[in-house]
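# Secondary and tertiary structure notes
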Amino acid sequence: MKKIFIWGGLTIAALVLIMWKLGANKKENEAKTEYVKQSNTGEVPVLVQQVKKTDFSQGFAANGNFEPIRELTYLAETSGRITDLSVKEGSYVKPGQVMARIDDEILGTDLQNYKVSMDQLKVDKERYESAFKTGGVTQKQVDDIRVQYDQAVTRYEAASRRIRDTRVKAPIQGVINAKYVEQGAYLRAGDKMFEIVDVSRLKLAVSVPEAQVVNLKEGDKVKVSANVFPEATYEGRITFIAAKGDNTLNYPVEMEVTNIAGKQLKAGMYGTAHFEMPKNAPVMLVARTAFAGGVNSNQVFVLEGGTARLRKVVAGRIYGDQVEIREGLNEGDTVITSGQINLVDGSKVTVQTAAR
């Protein structure tokens, strides 16, 4: 029991000491603040900036990686054994160029059988249609033979398509970036055969902040540079602007970039898009430090005849350490950029010269 009283007494003493120390610190801070207010004949020392309109360039750069303008993985459309392979990795192909041939012997036999059946049904259909005119057959018999003929035509056309699919043709121009098959291998429909990449033109994908993306539109021309050829400037054209931004309020933007002969860029390389914005009307910019309590407060102190006056403003876009003022200030006003912590509306101030 005695120990409990001892520990309780020590705890109370510690709390009393802490409260006394906090009170002493508060009085000391108040004394310092009052000293600053009373120094210089009671005027608070401040730094100021005169408000004026500035021609502000909104040009900016964004980095990204080059991607092929078109790329695809070619899948087999029919089954069979590869009898001829006419391309290899690195081969350049044009649309319609035959890249491989698949054994079509069995498919050719099926095609011939379907053609014989189709030709026979065509003769029967014509015979029934002729006989119907003289009453030799019924309308139902004519309709039935027509259906059979149409089905035979469909089977023949499908077989013809399968024959054509045995000649594997390039659907786009580009380079064979990867080859997944070898001559003599057996394919099944859907198997991967080739990866084709078209790098005659590239696209550069970048992210653009919301403040700048509103000034862009599809079709705008953009200058593009690459680390591998720093001396070259490539021409880009915006082809896509995302309708929705990500969680950081950046918007994906894509531009098509034309390659330069002798300085060919490759997919995956690093690039920079240089956006040049049209020249806008001059804007009023003030230092970010001019805001009392931060930019979101939308309040600044304005110097009026040696007195600090608190004024409500409307802040616009932020450019580094400068903030656009849309309303609340006039050109020629003087705003206080340092010393606001000691100011209230109506405080007397003295302007100091910033240290260099």
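All of these numbers come straight from a predicted model, not from anything done at the bench. (Residues numbered from 1 in each chain as written. Predicted model: local features only at pLDDT ≥ 70, side-chain atom pairs only at ≥ 80, totals over all residues. Heavy atoms only, no water.)

## Focus on the packing of helix 2 (residues 105-133) against helix 3 (residues 139-165)
- Look at helix 2 against helix 3: their axes get within 8 Å of each other, and the N-to-C directions meet at 160 degrees. If you check the angle between helix 2 and helix 3, you find them roughly antiparallel. Taken as a pair, helix 2 and helix 3 cross one another with a handedness that is left-handed.
- By residue class, the composition of the contact of helix 2 with helix 3 is 15 nonpolar, 6 polar and 8 charged. (Axes fitted to C-alpha atoms, helices over the stretch in contact; angles between N-to-C directions. Helix = DSSP H or I, 4+ residues; strand = E, 2+ residues; numbered from the N terminus. Parallel < 35°, antiparallel > 145°, perpendicular 65-115°, else oblique. Left-handed = near helix turned anticlockwise from the far one by under 90°. Nonpolar A, V, L, I, M, F, W, Y, C, P; charged D, E, K, R; others polar.)

## Side note on the sheet that holds strand 7 (residues 167-169)
- The antiparallel open sheet is built from 4 strands, whose spatial order is 7-6-4-9. Taken across any chain shown, the strands that pair with only one partner, and hence form the sheet edges, are strand 7 and strand 9 (186-187).
- Bridging between strand 6 (residues 98-102) and strand 7 involves 3 bridges; their strand directions are antiparallel. Paired with Ala-100 across the two strands is Val-168, which belongs to strand 7. (Pairing = 2+ DSSP bridges.)

## A few points about the pairing of strand 8 (residues 174-179)
- Across 2 bridges, the pairing between strand 5 (residues 92-93) and strand 8 is antiparallel. Residue Val-93 lies in a different strand from strand 8, and its bridge partner there is Gly-174.

## So, the side chain of Ser-91
- Assignment of secondary structure puts Ser-91 in the loop between strand 4 (80-85) and strand 5.
- Of note is the side chain of Ser-91, whose polar atom sits 2.9 Å from the backbone oxygen of Lys-88.
- Leave out the neighbours within four places in its chain, and Ser-91 touches Gly-174, Val-175 and Ile-176. (Polar contact = N/O pair within 3.5 Å; in protein donor to acceptor, adjacent residues only side chain to side chain. Contact = heavy atoms within 4.5 Å.)

## Looking at the sheet that holds strand 18 (residues 314-319)
- In space, the 4 strands of this open sheet follow the order 2-15-19-18, with antiparallel pairing throughout. With partners counted over all chains shown, the strands left at the sheet margins are strand 2 (53-54) and strand 18, one partner each.
- Sheet analysis places strand 2 next to strand 15 (residues 283-287), joined by 2 bridges and oriented antiparallel. Across the sheet, residue Thr-54 finds its bridge partner in strand 15, namely Val-283.

## Quick word on the pairing of strand 12 (residues 229-241)
- Bridge analysis of strand 11 (residues 221-226) against strand 12 gives 5 bridges, and the strand direction is antiparallel. Among the inter-strand pairings, Val-222 is bridged to a residue of strand 12, identified as Gly-236.
- Following strand 11, the chain reverses through 2 residues before pairing antiparallel with strand 12.
- The pairing of strand 12 with strand 13 (residues 250-258) spans 5 bridges and is antiparallel. Bridge pairing links Phe-240 to Glu-254 in strand 13.

## A short note on the confidence of the model for the protein chain
- Scored by pLDDT, the protein chain has a mean of 84; 86% of the residues are at 70 or more.
- Per-residue pLDDT stays below 50 along residues 35-40; that stretch engages in 10 contacts with residues further than four places along the chain or on separate chains. (pLDDT = per-residue confidence, 0-100.)

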